Structure formats: C-alpha cells, structure tokens
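Structural overview
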Amino acid sequence: MQCLGAEHLDSAERIPTQRQWRPQIYRKCTDTAWLFLFFLFWTGLVFIMGYSVAAGATGRLLFGYDSFGNVCGKKNSPVEGAPLSGQDMTQKKHVFFMNSCNLEVKDVRLSSTVLCVSSCPEEQLDTLEEVQLFANTSGSFLCVYNLNSFNYTQIPNADLLCPRLPVPPSKSFPLFNRCIPQTPECYSLFASVLINDVDSLHRILSGIMSGRDTVLGLCILAFALSLAMMFTFRFITTLLVHIFIALIVLGLLFVCSVLWWLYYDYTNDLSIELDTERENMKCLLGFAIVSTVVTAVLLILIYVLRKRIKLTVELLQVTNKAISSSPFLLFQPLWTFAILIFFWVLWVAVLLSLGTAGAAQVVEGGQVEYKPLSGIRYMWWYHLIGLIWTSEFILACQQMAVAGTVVTCYFNRNKSDPPDRPILSSLSILFCYHQGTVQGSFLITVVRIPRAVLMYVYNTLKEKQDGALSRCMSQCCCCCFWCLDKCLRHLNQNAYTTTAINGTDFCTSAKDALKLLSKNSSHFTSVNCFGDFIIFLGKVLVVCFTVFGGLMAFNYHRVLQVWAVPLLLVAFFAYLVAHSFLSVFETVLDALFLCFAVDLETNDGSSEKPYFMDQEFLNFVKRINKLNTRAQRNKNSLTSEEGTELAIVRQ
C-alpha cells in the first residue's frame, strides 16, 4: 500500500500543472544566455568601431583627395616617400583634374593628375600667362604644388606640370567637390569617364549628397505624414476610414501612372548618354513594375474586405480606448525613433570609415594610392549583421514595453482607477528581467541574413544574363524567407505579451501563446487581420505621398546623380517611420486580443470569476460571435442544399 501510495504521489507530481495566466508580481531573469550572446556580439562591434576610427579616413570619401595623398579641405600628415604629401589644404576644398578635356583612360580608370585647389576656374584659360594671372588673383594654383606661380611661364617643362591648355571653364558640383568642366565637348567625356570610374558606393553617396536638401525634406515629410496618420487612427470614424481608403486608392494609381510616365519620358529622351541616367531608367522600370503589382493586389484586397469596414472602425475604437488609459503610449515611438536614428548615424559613420580603411602606397612620380586592408570585407558582413540585429532588438524592446503596458491596464479590476505610471513600470520590468527574452529579434536576424545573401546572388546572376533556373530558385527562396519573417514577427509579438503576463522565457511563452490562440482563434482572427490590414494601408499611404514628392523633386536633377537609389532609401525610411508610429496600434491590438483570450481561458463571467474586459469590449466580441455564427449557418445551409440537389440528381 505504501508503494502504491508513493507511485500515486509520483504520478501526481508528473502531471503538468495548468498555466496560471496572471501578471506575475515576483519575476526572475529570463533567457540570460541570449543576452550574454548579444553582449559578446556587441563587444565585436565596439572593436570594429575602434578599428574604423584608427584605420579609416572618411574625409577621403566625403571631401576628395589629390594624387599625392592629401585630403582636400583638411590638414594632412605626410606619407613616407611622397614629398608632396602632408600639406595643409584647409583653404583648398575643391578637386581639380589637370587634363579634364583630354582624359587618358587606362583600364577604365582615370590617369590624370589630381590637385586640391581653392576655387575652380570659371572662365577658359588659353595660355600659361592666363593660368598664372588666375593663380595670382584668386590664390588657386592649377599647377603641381612644387612649382611656384612666378615660374609658370619661365621653366621650359612647365607645360608638363600644369594643366593641358586650354583649361575649360569649370564649376564645383556637389559630387565630392569636383570641378566639372562646363564646355559641351569636355563635359560629355569627363562626366562619362568620371561616373564610370566611381564605384557603386561612391555613386550612391554622391546622389544623396547632391540631393541632400531634397532627401532631408522628404524625410521630414514622411515624419509629418506618419504623425498625421497616427492621430487619424487615434480619432478614427467610419467617414475617416472611407476618406482614408479613397486616398489610398488614388495615391496608388497616381504613383503608378507617374512612374510609367517618367519611364516613357526616359526611353524617348535621346540625350541619355551617362550610366547614371541609364541606371535611373532601369530603376524606374523596376519601381513601376513593383508598384503596379502592389497596387493590383491591394485594390483586390480592399474590394474583397470592404464589408468589414464597420467592424474595423469599432475594433480601432476599442483599441483607442485601451490607449486612452495610458495616452503616453503614442509618444513611445518618438523615443524609439530617436534611438534608431542615433544608432543608424553611428552605423553609417563606421561603415564610411571601414570603406576608406586602406594603406598608403607610393607609386611612380611620388603619387599615392590607397590599397584596401585585408579582412575589411568580413568586417562589413559583421557590421551588417549588427545593423539588423540591433535594429530588431530596439524595435522588440518597444513591442514588449507597449505589450506590458496593455497587460497592466487590462488586468486591472478597477477600470475607473488606472494603475500609476504603467509605461515606466513596463520598461523597468523589461530592463530588469526580460532583456534576454527580446532576443527573439535574433530569429528575425537569422532569417534576414540568408535573404540578403540570396538577393546578392540573384543580382549577380542577373548581371551575367544566365542561370535562369538559379535566379528563379533564389527568388522562390527569398519569398519563402519573407513569409517566414512575417510568421516569426507575429510569433515574437505574442511571445512578448505572454512574457509580460507570466514572466516566462521566450520558448515557453511562444508555446503557451500558440496553444491559447489556436483554441480561441474563431472569435477574432478575421477582424484582427483586417484591422492589421487597415494599419498597413496607413503605412502605404505615407510611402505613396513621400515617393510622389521625391519623384517630382528628383526628376529635375537627372545629370550626374543616381537619384533612383536615394529615392528607394527615402521610401524605405518613410515606411520605417510610419511603421514605428503605427506599430503602436498593431501591438496594442495583438496584445489586447491575447489578453482577451487569457480572460476567456481563466474566467467565465460569473460573480466568482468575472471578466477583466469592460462592457464595450464584451459587446464588441458578442457582435463578432453573432456574425461568425450567422456566416457558419449560411455556409452549412448552402452545403445541405447542394447535397439535396445532388441526391435528386442521383435519383
């Protein structure tokens, strides 16, 4: 009997206890191993930052440099074996090519001597006397540094140390402060060789720099539109939703029309000679095709889901009521956005420093070339992983902070007396206990890295114009990774909310959330999905108007500027800003429904176990259940009618 009793106790101990879905007061640190891994990774990033500061020279990329290793506009250190290096170029901020009209091209590289000058010659100089007069009047010396301006006309070999005559009039263009010749015959040759000589990174940066005012204005426009959309969702009504959907439809159609019109304009422009203009035309075609496909898909979805608009408005109003208990949630994206901007600026600065990390080598004639250091390419990949992982970590912290705030307010019995400082309480719990759990962002990073590699492989195969099967397979893999990315994001959000409720680790929280949502999915899945779809349309609206403004602004600067890539970056920035602001509604919506599922799981609405949800939310859920019941009844009656007809036919 004692043995049987002991066996009975052992079996009782082995029976898993039911999860107690209640906010935990006493918590413990979760997923510390992942947090330690993140700190180790950031140790490597700090090493790369220090290395880039020590070995990099961003000034060479941003300001340009001469043939002797001097950065224009800076005070330089001498290079051993280069007598003309180490000069003070503080007053000489412009890059001047001595033979801009007679460029010698060797292996598609410029072989002209390059100097730093204080100003570009704005008038044509036909003789050495005019070059000497220009140097004496403007202080801009166009001959090699070791030749005094008084000797321009006296030394027999001065023509070898001075620019080839005639020197064309030139103007400083914001393409790394280069002096661009203005005569048509020189401009065509100079521009084509120069643009082809500059690599892709330099070309993209030059497009951003030359249109920096436009890029900044578009970023401010995206920020303002995102704020407007956030307040629109905060005070949503049925009329506003109809106006909003009408603007979406018009914006999508209008942007598609403008893209195809610009592409048609480019194809009929006979003056297109530069690679930049051809690249702009190719990018326009890609933009037009992608926007057309996206527009068609979104219009079909809007038409199919149009009857759910009223329920969606009620859903967003319920969400706004949850936000009203802690209105400072709407300002949470501002802090997240500021932290992301700071991190991205730091990341770009380190990237530029890595791109210019090279060893100076003296070549023939005392000139200096910079050779990239070994191992830099591996540092670039490590740096890229750091960008993705850290950005996802910051966004995951916002998601968990918002989810914790919703959980605190939802599981409060006295709705008329909301808890004090729920956002600060949620942030303190996050940073004290659950920083390791938000390393669910590592899963997103693991998925995004293969996507980036596959896109690189796809572009490489596309340039070679072969391997159609390989390109197709890489595209299919990219689509699969994209779907996996979306599923993991939804899983992470529910796991963060469950952690905020139970204080469990990431894997346990994800498992519990999946079980609970699968059990209660019939109550709200369709309405929740359409609510997320409306919020996604808000992001699309911000991107549409920002891209339209960019198209109108960039189209007037086609020459010497790859504006298609900066426009793509602006569109990405606009979507990211809109996502940062509107994701609050998505997070609140998902967290609210998970709390509702927990409420149904643990309570029955009786006096002993009353629901935590308020009456408005309960009425909304009842209306959804009635609609679902009616739809199921209609489906069953239709099925029975079809079965009766088939039976009659068989008779």
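Computed from a predicted model, the values in this text were never measured in an experiment.

Concerning the overall build of the chain
Each helix and strand counted, the chain has 20 helices and eight strands in total. For the chain, the residues scored as buried account for 45% of the 651 residues in total. Relative to all contacts within the chain whose residues are 6 or more apart in sequence, the contacts with residues 24 or more apart total 73%. Carbon and sulfur atoms provide 64% of the accessible area of the chain, an area that totals close to 33,900 Å².

Side note on the pairing of strand β1 (residues 94-97)
Every second residue of β1 is oriented toward a common face, with His94 and Phe96 on one face and Val95 and Phe97 on the other, all of them buried. Bridge count for β1 against strand β4 (residues 114-117) is four bridges, and the pairing is antiparallel. Bridge assignment links phenylalanine 97 to a residue of β4, and that residue is valine 114.

Here we look at the packing of aromatic side chains
Using the criterion set out here, one finds 15 aromatic pairs in the structure. A centroid spacing of 5.2 Å and a plane angle of 70 degrees characterise the contact between tyrosine 410 and phenylalanine 411, whose relative ring orientation is edge-to-face. Classification of tyrosine 410 as buried rests on a relative accessible area of 5%.

Re the UniProt feature "transmembrane region" (unreviewed entry) in the chain
Those places that UniProt annotates as "transmembrane region" (unreviewed entry) correspond, in this numbering, to residues 32-54, 215-236, 243-264, 284-305, 334-360, 380-411, 533-554 and 560-578. Helix makes up 91% of residues 215-236 and strand 0%, and the two end C-alpha atoms of the span are 31 Å apart. The span residues 380-411 shows a helical share of 97% and a strand share of 0%, and its end C-alpha atoms are spaced 46 Å apart.

Concerning unusual backbone geometry
Cis geometry is found at the peptide bond from leucine 165 to proline 166, where omega equals -5 degrees. Among the structural elements, proline 166 can be located in the loop between α5 (158-161) and β5 (170-173). Here aspartate 31, not a glycine, exhibits a phi torsion of approximately 55 degrees, which is positive. Looking at the secondary structure, you find aspartate 31 in the loop between α1 (2-14) and α2 (32-55).

Comments concerning the nonpolar core
Residues Phe233, Phe244, Tyr410 and Phe617 are the most contacted members of the largest nonpolar core, which totals 86 residues. Looking at this core, the element that brings in the most residues is helix α19 (residues 564-602), giving 21 residues. Once residues within four sequence positions are removed from consideration, phenylalanine 617 is found in contact with Val318, Tyr410, Leu592, Phe593 and Phe596. Residues Leu84, Tyr145, Leu147 and Val167 belong to the second largest nonpolar core, which totals 28 residues.

Points about helix α12 (residues 332-355)
Between the first and last C-alpha of α12 there are 35 Å, a value that for 24 residues agrees with the 34 Å anticipated at 1.5 Å per step. Inspection of α12 places Gln332, Pro333, Thr336, Phe337, Leu340, Phe343, Trp344, Trp347, Val350, Leu352, Ser353 and Leu354 among the buried residues, and these make up the whole buried set.

Some points on the environment of cysteine 162
Examined against the element boundaries, cysteine 162 turns out to sit in the loop between α5 and β5. Judged by its relative accessible area of 2%, cysteine 162 falls in the buried class. In sequence terms cysteine 162 and tyrosine 152 are 10 residues apart; their C-alpha atoms lie 7.9 Å from each other.

Comments concerning helix α17 (residues 506-519)
Helix length check: α17 (14 residues) gives 20 Å between terminal C-alpha atoms against 20 Å at 1.5 Å per residue, within 8%. Every buried residue of α17 is listed here: Phe506, Thr508, Ser509, Ala510, Asp512, Ala513, Leu516 and Leu517. Two to three positions downstream of the cap, the backbone nitrogen of cysteine 507 sits 3.2 Å from a side-chain oxygen, assigning the N-cap of α17 to aspartate 505.

Observations concerning the side chain of asparagine 494
Relative to the assigned elements, asparagine 494 resides in helix α16 (residues 468-502). Judged by its relative accessible area of 5%, asparagine 494 is buried. If we ignore the near neighbours within four places in the chain, the residues touching asparagine 494 are Ala513, Leu517 and Leu594.

Looking at the confidence of the model for the chain
A residue-level look at the chain finds 76% of positions with pLDDT of 70 or above and a mean pLDDT of 76. The weakest mean pLDDT in the chain belongs to α1 at 42; the strongest belongs to β4 at 90. Overall, residues 1-17 carries pLDDT values under 50, and its contacts beyond four positions in sequence, including any with other chains, amount to zero contacts. This model gives residues 642-651 a pLDDT under 50, and the stretch forms zero contacts once residues within four places in sequence are excluded.

Structural notes on the pattern of salt bridges
Scanning all chains against the criterion turns up one salt bridge. Here lysine 539 ties to glutamate 586 by a salt bridge, and the two come within 3.2 Å at their closest N and O atoms. On the criterion of sequence distance, the pair formed by lysine 539 in helix α18 (residues 521-554) and glutamate 586 in helix α19 is long-range, its members being 47 residues apart.

Here's the deal with the side chain of serine 426
Positionally, serine 426 belongs in helix α14 (residues 422-433). The residues contacting serine 426, other than those within four sequence positions of it, are Met400, Ala401, Gly404 and Thr405.

Section: the state of the cysteines
Applying the stated criterion across every chain yields a total of three disulfides. The disulfide that involves cysteine 72 links it to cysteine 116, with 2.0 Å between the sulfurs. Note on the cysteine 72 and cysteine 116 pair: the S-S dihedral is about -80 degrees, so by sign convention the disulfide is left-handed. Pair noted here: cysteine 72 is in the loop between α3 (58-63) and β1 and cysteine 116 is in strand β4, with a separation of 44 residues, a long-range link.

Some remarks on the environment of cysteine 487
Along the chain, cysteine 487 turns up in helix α16. Between the C-alpha atoms of cysteine 487 and isoleucine 444, which are 43 residues apart in sequence, the distance is 9.9 Å.

Some details on a nonpolar patch on the surface
Residues Leu239, Leu240, Ile243, Leu247 and Phe545 make up a contiguous nonpolar surface patch of roughly 430 Å² in combined accessible area. Among the elements that make up the nonpolar patch, the one with the highest residue count is helix α9 (residues 238-267) (four residues). Within the secondary structure layout, isoleucine 243 lies in helix α9.

Some details on the packing of α2 against α12
The N-to-C vectors of α2 and α12 enclose an angle of 55 degrees; their axes lie 9 Å apart at closest approach. Relative to α12, the element α2 is oriented oblique. Judged by the sense of rotation from one axis to the other, the crossing of α2 with α12 is left-handed. Residues Trp42, Ile48, Met49, Tyr51 and Ser52 of α2 pack against Phe343, Leu346, Val350, Ser353 and Leu354 of α12. Within the contact of α2 with α12, the residues separate by chemical class into eight nonpolar, two polar and no charged.

The rules behind these values
Residues numbered from 1 in each chain as written. Predicted model: local features only at pLDDT ≥ 70, side-chain atom pairs only at ≥ 80, totals over all residues. Heavy atoms only, no water. Helix = DSSP H or I, 4+ residues; strand = E, 2+ residues; numbered from the N terminus. Buried < 20%, exposed > 50% of the residue type's maximum accessible area, 1.4 Å probe, protein only. Contact = heavy atoms within 4.5 Å. Areas by Shrake-Rupley, 256 points an atom, 1.4 Å probe, with all protein chains shown as cover. Pairing = 2+ DSSP bridges. Phe/Tyr/Trp six-rings, centres within 6.5 Å; stacked < 30°, edge-to-face > 60°. UniProt positions renumbered as here; feature names shortened; annotations may be inferred. Core = buried A, V, L, I, M, F, W, Y, C linked by side-chain atoms within 4.5 Å. Expected span 1.5 Å × (residues − 1). Polar contact = N/O pair within 3.5 Å; in protein donor to acceptor, adjacent residues only side chain to side chain. pLDDT = per-residue confidence, 0-100. Salt bridge = Lys/Arg side-chain N within 4 Å of Asp/Glu carboxyl O. Disulfide = S-S within 2.5 Å. Patch = residues over 30% accessible without salt bridge, like charges linked within 9 Å, V, L, I, M, F, W, Y side chains within 5 Å. Axes fitted to C-alpha atoms, helices over the stretch in contact; angles between N-to-C directions. Parallel < 35°, antiparallel > 145°, perpendicular 65-115°, else oblique. Left-handed = near helix turned anticlockwise from the far one by under 90°. Nonpolar A, V, L, I, M, F, W, Y, C, P; charged D, E, K, R; others polar.

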